[in-house]
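Residues per chain, in single letters:
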Amino acid sequence: MLGHFANSMSRTRFEQDTYPGRPRILFVGHGESSHTHAWVDLLEKSNFNVRLFSLPSGYPPDSWWPKTYVTTYGYPSRDSETRLGMFNRGHARRLVEQGAARVRGASWNTEEKTLGWLSDIVRRWQPHVVHTLGLEPAAYFYSRARKLSELEGIGKWVAQVRGGPDLALHRLLPEYEPRIREVLAGCDKLVADNQRNYEYALALGLKESQLSTLGAVPGTGGIDVEQLSGAWQGNPSQRRIILWPKAYECPQSKALPVLEALRLVWERLPPCEIQMLAVWPEVKMWFQTLPRGLRERCNLRERVPREEALKSMTGARVMLAPSLTDGVPNSMYEAMAAGALPIVSPLETIRPVVENETNVLFARNLYPEEIASALVRAMTDDALVDAAAQKNLELVERIADRREIRLRVIDFYERLTASA
């Protein structure tokens, strides 16, 4: 495991707060996640002292600004003025082991070492706020650290839940319900991206006083509406790209019905290009079963940086994202700001936000015929596409504009830390 220190001098620099006397906020989450980056970036150039405890699944780019504790074996040794350098592998591992050993005799396995290091960091740095990004694994992991190391009295705990299975589906599983209840009982504030998640949490024991004053807020912290809308060139109806940003299989959405819809409809579509992002091997395999003429229209890409995905969105006429469960999809907000017509599913978290044939076209994820019908409509009805683009631009600016949300989030942390 690797720490965020190169030598004793770098360690001293790392441990010095950038803004002495100002609130300290420790985020816990996936360091490689674009969602993590987007939320934490709300505090860039604020005067909060910000650090991230990056969970063992990966690590953030070396150029990213927050001070970060990296817990992934195999992180390349680097020297960076921005990141203050890294320990070499052995040195870093010893640091984590020493931290773990000081926390109630933690056992010598990877998870216990990571728990021990997180506990040690919380005790030493004394953050005013610990903000966990998602229930699994961040909130569950921190909840365990709090219990094992008696951290309950240190700072305020903000638990952020994701759309999709994080709460909506996992609450139905007997093995998850006690863990969810434990998080809800322990956190000081809950943040969610849709009202239904707040309702589920209240039904599981959350108190009204624990509800975030932010309300339902995008998990990325909102959309840069001005930047995306500024990239429009002409009317969206003039575009000829269908963008499918999540061409993979997961509990939230299924890819094979989308492939079947494309098979059903491709000969009825006008000339167009179909861009598939984040394509998984399983989807690539089934893609090869499609007619050659359809395959020639398609451009498949694996995982791409969020900036590239957003750039693709501004060139798309249609954003295709049917799903089985979700909060309010960030991809839908992004498409609205970019002028692309969203095809999404009529989920209970989405229906209160948008209207069918006004802002979006609805199609259920497991029904290829519905997806195919929506694609034909979206690719042939120019008036619908242009009218929806204008309505959506007004809507997304009102409910998901990043500049406005940033001010609210900063105020939220200010008020929370004032009572810490």
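Since the model is a prediction, treat every value here as computed from it, not as a measurement.

Once that is clear, we can look at the environment of Val-385. Relative to the helices and strands, Val-385 is located in helix α15 (residues 382-399). Overall, Val-385 belongs to the buried group, its relative accessible area being 1%. When the C-alpha atoms of Val-385 and Leu-341 are compared, they prove to be 6.1 Å apart, with 44 residues separating the residues in sequence.

Let us look at the sheet that holds strand β12 (residues 341-344). In spatial order, the strands read β10-β9-β8-β11-β12-β13; together these six strands make up an open sheet with parallel pairing. For this open sheet the edge positions go to β10 (298-300) and β13 (361-362), each flanked by a neighbour on one side alone. By the bridge criterion, four bridges tie strand β8 (residues 241-244) to strand β9 (residues 273-276) in an arrangement that is parallel. Paired with Ile-241 across the bridge in β9 is Glu-273.

Burial runs high along strand β4 (residues 129-133): five of the five residues are buried. Alignment of strand β1 (residues 24-29) against β4, held across four bridges, turns out to be parallel. Each residue of the ladder has a partner; that of Leu-26, found in β4, is Val-130. The pairing of β4 with strand β5 (residues 156-160) spans five bridges and is parallel. Bridge pairing links Val-129 to Lys-156 in β5. Each parallel crossover has a hand, and for β4 linked through helix α5 (residues 135-149) to β5 it is right-handed.

What follows deals with the sheet that holds strand β7 (residues 211-216). Overall, parallel pairing links the seven strands, which are arranged β3-β2-β1-β4-β5-β6-β7 in an open sheet. Each edge of the open sheet carries a strand with a single partner, namely β3 (67-70) and β7. Direction aside, neighbouring strands of the sheet carry axes that sit 20° apart on average.

So, about α15. The end-to-end C-alpha distance of α15 is 26 Å, a good match for the 26 Å that 18 residues give at a rise of 1.5 Å each. Along α15, the residues classified as buried are Leu-384, Val-385, Ala-388, Ala-389, Asn-392, Leu-393, Leu-395 and Val-396. If you follow the buried residues of α15, they end up packed against α8 (225-229), α13 (330-338), β12, β13 and α14 (368-380). Structurally, the start of α15 carries an N-cap: the backbone nitrogen of Ala-383 is 3.3 Å from a side-chain oxygen of Asp-381.

What follows is about the nonpolar core. Judged by nonpolar contacts, the single largest core of 40 residues is most densely connected at Leu-26, Phe-53, Leu-118, Leu-135, Ile-180 and Leu-190. Listing elements by their share of this core, those giving two or more residues are β1, α4 (110-125), α5, β5, α6 (177-186), β6 (189-192) and α7 (195-203). For this core, the leading source of residues is α5, giving seven residues. If we skip the residues at most four places from it in the chain, Leu-135 touches Tyr-140, Gln-160, Val-161, Asp-166, Leu-167, Ile-180 and Val-183. With 36 residues, the next largest nonpolar core counts Cys-272, Val-318, Ile-343 and Leu-361 among its residues.

Averaged over every residue, the pLDDT of the chain is 88; residues scoring 70 or more account for 88%. Of the regions scoring below 50 in pLDDT, residues 1-9 engages in 48 contacts with residues more than four places distant in sequence or in other chains. With pLDDT under 50 throughout, residues 77-108 is counted as low confidence; its partners more than four residues away or in other chains account for 83 contacts.

Rules used throughout
Residues numbered from 1 in each chain as written. Predicted model: local features only at pLDDT ≥ 70, side-chain atom pairs only at ≥ 80, totals over all residues. Heavy atoms only, no water. Helix = DSSP H or I, 4+ residues; strand = E, 2+ residues; numbered from the N terminus. Buried < 20%, exposed > 50% of the residue type's maximum accessible area, 1.4 Å probe, protein only. Pairing = 2+ DSSP bridges. Right-handed = clockwise from strand over helix to strand, strands pointing away. Axes fitted to C-alpha atoms, helices over the stretch in contact; angles between N-to-C directions. Expected span 1.5 Å × (residues − 1). Contact = heavy atoms within 4.5 Å. Polar contact = N/O pair within 3.5 Å; in protein donor to acceptor, adjacent residues only side chain to side chain. Core = buried A, V, L, I, M, F, W, Y, C linked by side-chain atoms within 4.5 Å. pLDDT = per-residue confidence, 0-100.

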